[in-house]
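What follows is each chain in one-letter form.
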2 protein chains.
Amino acid sequence: MTREELMRRAIELSIENVAKGGGPFGAVIAKDGEIIATGVNRVTASCDPTAHAEVSAIRAATSKLKTFNLSGCEIYTSCEPCPMCLGAIYWARLDKIYYGNNKTDAKHIGFDDSFIYDELSLKPANRKLPASILLPKEAIKAFEAWTNKENKQIY
Amino acid sequence: MTREELMRRAIELSIENVAKGGGPFGAVIAKDGEIIATGVNRVTASCDPTAHAEVSAIRAATSKLKTFNLSGCEIYTSCEPCPMCLGAIYWARLDKIYYGNNKTDAKHIGFDDSFIYDELSLKPANRKLPASILLPKEAIKAFEAWTNKENKQIY
C-alpha cells in the first residue's frame, strides 16, 4: 500500500470510531507498505485513559510480532500524537510518524493534547500538576540492583 | 498509609521486579491513603513498550474503579515519570505525583527517559524521529463528525 492508502485507512478508522461511540482517532502501523496492526481510541469504552489510537496500535503490533521493538515500522495516525503517544512511539522505536490533523485541531474540538504539550514544556515546579520527590535514597536501591544484575534484558 | 509508606511500597515493587526479570520500576495509586492499584515495568516480559509501571498502575486502577478518570487519586512512583507516563498521568486526571529516582538517575543506568524529554522539547522538525503531515483535509472529517455528533461522551 502507498503512504496515502495507509493514511486513508487510519482516517477511515477514526471516522468509523466516532459512529461506534469512541473518540475521533485512528492509527495504523505498517512495515514495507503492509499493515501490521491498527488501533482506535477506546478511552471511554474500555475505561482506560491510555487507550489512545497510537498506544492501542503499538500494543496490537508488538503483541502480534512478539517483540517490544518496532524498528523498521512506521505509524500512520489520523492526528498528531499527544505527548503520551509520542513517548510510546519513541519507546517502541518506530521509524517515522505520518499524521493528518494536528494538536491545534484537537484543541478546537475539546481535547487536551495542546495543554499537555504546554505543561511538559514548563519546569516541573511550574506545572499545574504538582510533583514531589520522596525517599530518593531508598528508591535508588532498585537501580543499584539493576546495575548489579547479570544477564538482564536491556531495552 | 502515610505518604512514606505508600512510596516504600512502590520502591519494594521496583526492587522485587528486578529479581523477577523486569525493569527497576514500581508504582502505586492511592486514594485517601489506601492503595487502589499497583504496577511494575513489564516491557520485556509482556512484549509491550507501553507497560511502564505508571501506565500499568493507571490501567489497573481504572479497570478496578470502572472509570477513566482518577481525580482524587495520587500516584507514588519509584522513578520520575517519562513523557509517556507523565502524559498518561495527565489524561488520567491524577491529583499529584510523588517520585523517588529522577530522569538523570534513569539515564545513568541506561534508560531513555532523558533523551525523550530532550526530543519533546525540540520543534518537531528538529527531532531525530521524523514526522510528516499527510492528507489533513481528509483527516479533519473525523473531527467534523465528532463535532456534529450528539450525546457523545466527552473526556
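Check the entry above for the structure.
Below or above, wherever it landed, is the structure these notes cover. (Residues numbered from 1 in each chain as written. Chains lettered and ligands numbered in written order. Predicted model: local features only at pLDDT ≥ 70, side-chain atom pairs only at ≥ 80, totals over all residues.)

1. Thoughts on the pairing of strand E2 (residues 34-40) of chain A
Residues and elements named next belong to chain A.
- Most of E2 is tucked away: five of the seven residues are buried.
- Sheet analysis places strand E1 (residues 26-31) next to E2, joined by six bridges and oriented antiparallel. Paired with Lys31 across the bridge in E2 is Glu34.
- What sits between the antiparallel neighbours E1 and E2 is a turn of two residues, in which Asp32 has the positive phi angle 50°. (Buried ≥ 20, exposed ≤ 12 C-beta atoms within 10 Å, placed from the backbone. Helix = DSSP H or I, 4+ residues; strand = E, 2+ residues; numbered from the N terminus. Pairing = 2+ DSSP bridges.)

2. Describing the relation of the copies chain B and chain A
- The two copies are related by a screw motion: chain B maps onto chain A through a turn of 180° and a shift of 0.0 Å along the axis, at an RMSD of 0.0 Å. As the rotation angle and translation indicate, the two copies are arranged about a two-fold axis. In terms of C-alpha distance to the rotation axis, chain B has B:Met84 as its closest residue, with the C-alpha 1.9 Å off the axis.
- Taken together, the interface assignments show that 100% of the residues at the interface of chain B recur at the interface of chain A, consistent with an identical surface on both copies. (Least-squares fit on C-alpha atoms with pLDDT ≥ 70 in both. Contact = placed C-beta atoms within 7 Å.)

3. Describing the sheet that holds strand E3 (residues 74-79) of chain B
- If you trace the five strands from one edge of the open sheet to the other, you get E5(A)-E4(B)-E3(B)-E1(B)-E2(B), paired in mixed fashion. A single partner strand is all that each edge strand has here, and the edge strands are strand E5 (131-133) of chain A together with strand E2 (34-40) of chain B. Across the sheet, the mean angle separating the axes of adjacent strands is 20° when strand polarity is ignored.
- Here E3(B) runs beside strand E4 (residues 96-101) of chain B; their pairing, made up of five bridges, is parallel. When the sheet's bridge partners are listed, B:Tyr76 is paired in E4(B) with B:Tyr98.
- Against the sheet, helix H1 (residues 3-19) of chain B makes contact with strand E1 (26-31), E2, E3 and E4 of chain B, and its axis sits at roughly 150° relative to E1(B), the strand it touches most. (Axes fitted to C-alpha atoms, helices over the stretch in contact; angles between N-to-C directions.)

4. Regarding the interface of chain B and chain A
- On the side of chain A, 70 residues touch chain B, which itself brings 69 residues to the contact.
- Take the side of chain B that touches chain A: its biggest share by element is ten residues, from helix H7 (residues 136-148) of chain B.
- Broken down by class, the residue content of the side of chain B that touches chain A amounts to 42 nonpolar, 15 polar and twelve charged.
- In this sheet, E4(B) lies alongside E5(A) in parallel orientation, the contact comprising three bridges. Bridged to A:Ile133 within E4(B) is B:Tyr99. (Nonpolar A, V, L, I, M, F, W, Y, C, P; charged D, E, K, R; others polar.)

5. Overview of helix H1 (residues 3-19) of chain A
All names here are of chain A.
- A rise of 1.5 Å per residue sets the reference length of H1, with its 17 residues, at 24 Å; its end C-alpha atoms lie 25 Å apart and thus fit the reference within 8%.
- Of all the residues in H1, the buried ones are Leu6, Met7, Arg8, Ala10, Ile11, Leu13, Ser14, Asn17 and Val18.
- After H1 finishes, the residue Gly21 shows a positive phi value of roughly 95°. (Expected span 1.5 Å × (residues − 1).)

6. Topic: the packing of helix H2 (residues 53-65) of chain A against helix H3 (residues 83-91) of chain A
Residue and element names in this part refer to chain A.
- Axis separation between H2 and H3 bottoms out at 8 Å; the angle between their running directions is 25°. Comparing their axes, H3 and H2 come out roughly parallel. Judged by the sense of rotation from one axis to the other, the crossing of H2 with H3 is left-handed. Each of Glu54, Val55 and Ile58 in H2 lies in contact with H3, whose residues at this interface are Met84, Cys85, Ala88 and Ile89. (Parallel < 35°, antiparallel > 145°, perpendicular 65-115°, else oblique. Left-handed = near helix turned anticlockwise from the far one by under 90°.)

7. Considerations on the sheet that holds E2(A)
- The strand order across the open sheet formed by five strands is E2(A)-E1(A)-E3(A)-E4(A)-E5(B), and the pairing between neighbours is mixed. The two strands at the open ends of the sheet, each matched to only one other strand, are E2 of chain A together with strand E5 (131-133) of chain B. Ignoring which end each strand starts from, the neighbouring axes of this sheet average 20° apart.
- Note: E1(A) against strand E3 (residues 74-79) of chain A, four bridges, orientation antiparallel. The residue bridging A:Ala27 from the neighbouring strand is A:Thr77, located in E3(A).
- On top of the sheet, H1(A) reaches E1, E2, E3 and strand E4 (96-101) of chain A; it is set at about 150° to E1(A), its chief contact.
- Strands in contact with H7(B) are E3 and E4 of chain A together with E5 of chain B; relative to E4(A), the strand with the most contacts, it is inclined by about 60°.

8. A few points about unusual backbone geometry
Residue and element names in this part refer to chain A.
- A positive phi is found at Asp32, a non-glycine position, where the angle reads about 50°.
- With respect to the element layout, Asp32 can be found in the loop between E1 and E2.
- Given 9 C-beta atoms within 10 Å, Asp32 falls into the exposed group.
- The residue Arg93 is not glycine, and still its phi comes out positive at about 65°.

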